[in-house]
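# Secondary and tertiary structure notes
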Amino acid sequence: MALLEIVNYPDPVLLTVGKPLGDDEFTGDLEALVTDMFETMEKAGGVGLAAPQVGVSKRLFVMSVSSEDSDPQRHALINPQIIHIEGEQTGDEGCLSFPGLFQVVQREMRVIAQARDIKGEEFELDVSGLAARCILHETDHCDGIVFLDRMTPLKRQLAKRKIKTLQKTGKWN
Ligand SMILES: [Zn+2]
């Protein structure tokens, strides 16, 4: 196991569409990457981490979100697809590639996602609230979209100004 280096915005890999994993890529290497991603995410105190955030331009992410009635559940979603969305929620969102930046982002309230697990088996997740926000945020990463792109123009402007300040004070690499 190893901690991976998390890349910060505006690293080009964050703005690149990730490559879907082929049938021959469900190997021990993938399991090792997923294990390292869970470890890296948990060490950094995040609830989700997508492969592009560790410099790997592929369609996969890990998440670990607890809800009111359950302990954190770990999921690795490979080649994720959003197959249903409904409702909406508004709340603060953060991202491990935007250290120290939190901003209001509107997202759908409920999501059904389809993906493959590390063995290549297809599964579905039907979640709402924070877990839904997480799946939408991380699937965006797989598509080369960052949460800045999901903010209103005003919030995006505020966020960009804050990033500049953080960069100047050396709190952003
Ligand atoms: Zn993120």
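To keep things clear, this report deals only with the structure shown in the data block. Because the structure is a prediction, the values reported are computed rather than measured.

Each value, and the rule that gives it
Residues numbered from 1 in each chain as written. Predicted model: local features only at pLDDT ≥ 70, side-chain atom pairs only at ≥ 80, totals over all residues. Heavy atoms only, no water. Disulfide = S-S within 2.5 Å. Donors = N, O, S within 2.8 Å, 3.2 Å for Na, K, Ca; no water. Helix = DSSP H or I, 4+ residues; strand = E, 2+ residues; numbered from the N terminus. Buried < 20%, exposed > 50% of the residue type's maximum accessible area, 1.4 Å probe, protein only. Phe/Tyr/Trp six-rings, centres within 6.5 Å; stacked < 30°, edge-to-face > 60°. Pairing = 2+ DSSP bridges.

## Side note on the state of the cysteines
According to the stated counting rule, one finds 0 disulfides in the structure shown. Here C142 stays unpaired: no disulfide links it, and the sulfur of C134, its closest cysteine neighbor, is 11 Å away.

## Description of the coordination of the zinc ion
With distances of 2.0 to 2.2 Å, the protein atoms coordinating the zinc ion are C95 (SG), H137 (NE2) and H141 (NE2). In the primary structure, the donors to the zinc ion are separated according to the pattern C-x41-H-x3-H. One end of the pair, H137, and the other, H141, are both in helix α2 (residues 130-142), 4 residues apart, so they sit about a helical turn from each other. Like H141, H137 is buried.

## Regarding the packing of aromatic side chains
Under the counting rule described, the total for this entry stands at 3 aromatic pairs. Each ring, one from Y9 and one from F98, has its centre 4.8 Å from the other, and the planes form 20°; the classification is stacked. Of this pair, Y9 sits in the segment before α1 (28-44) while F98 sits in the loop between β4 (89-93) and β5 (103-107), and the two are 89 residues apart along the sequence. For Y9, a relative accessible area of 16% gives the class buried. By relative accessible area, which is 1% here, F98 ends up buried. Pairing F98 with W172 gives two aromatic rings, centres 5.8 Å apart and planes at 85°, and the pair type is edge-to-face.

## Let's talk about the pairing of β5
Side chains Q103, V105 and R107 project from β5 onto a buried face, and the interleaved V104 and Q106 project onto a face without burial. Note: β4 against β5, 5 bridges, orientation antiparallel. Bridge pairing links E93 to Q103 in β5.

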